Amino acid sequence: KCTKLLRQVVGFHTEDTKGVRLSFQAVDLSNRGQVGVVKFEPEKRDPKKSPIVFAGGLGPMTIGAYFALLSQLSKLEGRPIYAFSPPGMPESTQPEGTKVGPDLIYESYLKVVKATISEGGHFVAMGHSLGTVPIRHLYFHPNDLTQIADQFVMITPVPAEQEAKAGFSFNPLFLQGS
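Since we're looking at a predicted model, the values are computed, not measured.

Conventions adopted
Residues numbered from 1 in each chain as written. Predicted model: local features only at pLDDT ≥ 70, side-chain atom pairs only at ≥ 80, totals over all residues. Heavy atoms only, no water. Pairing = 2+ DSSP bridges. Helix = DSSP H or I, 4+ residues; strand = E, 2+ residues; numbered from the N terminus. Axes fitted to C-alpha atoms, helices over the stretch in contact; angles between N-to-C directions. Contact = heavy atoms within 4.5 Å. Buried < 20%, exposed > 50% of the residue type's maximum accessible area, 1.4 Å probe, protein only. Parallel < 35°, antiparallel > 145°, perpendicular 65-115°, else oblique. Nonpolar A, V, L, I, M, F, W, Y, C, P; charged D, E, K, R; others polar.

1. Quick look at the sheet that holds strand S5 (residues 122–128)
- Across the sheet, 6 strands lie side by side as S1-S2-S4-S3-S5-S6; this open sheet has mixed pairing. Each edge of the open sheet is held by one strand with a lone partner, namely strand S1 (20–28) and strand S6 (148–155). The mean inter-strand angle of the sheet, taken between neighbouring strand axes irrespective of direction, is 20 degrees.
- Packing of helix H3 (residues 67–77) onto the sheet brings it into contact with S1, strand S2 (34–42), strand S3 (52–55), strand S4 (81–84) and S5, and relative to S2 it is tilted by some 45 degrees.
- Across the face of the sheet, helix H4 (residues 102–116) comes into contact with S1, S2, S3, S4 and S5 while running at roughly 120 degrees to S1.

2. Focus on the pairing of S2
- For S2, a buried count of 7 out of 9 residues is recorded, marking the element as mostly surrounded by other parts of the structure.
- Pairing between S1 and S2: 9 bridges, direction antiparallel. Bridged to Arg21 within S2 is Glu41.
- Across 4 bridges, the pairing between S2 and S4 is antiparallel. In the sheet register, Phe40 faces S4, and the bridge partner there is Ile81.

3. Considerations on the packing of H4 against helix H5 (residues 132–140)
- At a minimum axis distance of 9 Å, the contact between H4 and H5 shows a crossing angle of 75 degrees. Between H4 and H5, the crossing angle belongs to the class labelled roughly perpendicular. Two secondary-structure elements touch here, H4 through Pro102, Ile105, Tyr106, Tyr109 and Leu110 and H5 through Val133, Pro134, Ile135, His137 and Leu138.
- Of the residues assigned to the contact of H4 with H5, the class counts are 9 nonpolar, 1 polar and no charged.

4. Here's the deal with the environment of Ala149
- With respect to the helices, strands and loops of the structure, Ala149 is situated in strand S6.
- Once residues within four sequence positions are removed from consideration, Ala149 is found in contact with Phe123, Ala125 and Leu138.

Below, the structure written as structure tokens:
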């Protein structure tokens, strides 16, 4: 009953997609906030394929918006997907008065990887929109984790600081912490 209510609140289907099971966990952040992680677990797992750790973008129900995509990707690829939203989004929390910037988003990604992928384990780093900020940073700082990112996938990435200075659109809130 609780799982169905949780799914309704975050915009998920109330039942699992055929061939994929969902589970939920919370990961604590240093600022007393939490990110909610949704695990998409395929019934037929391909042991040769690394799991995906997916960072969503901004939106009123970010992981709910990706539900169909991530369910099908998990099922077709035969690999688990751990998906979360940046702090302050519906599936995650943050203390009132704290700002979300690149450092907190990156910390969130690192903590989710550490909570879901074993030390020395391999994974695919994936993000959409704002969720590409930690993917880009991890690409340039792979030693920040003991886990190993085999691939980096950015879906409609937000511009990096250098791109923003060249005139591309970028939210000033995220430039401040870059």
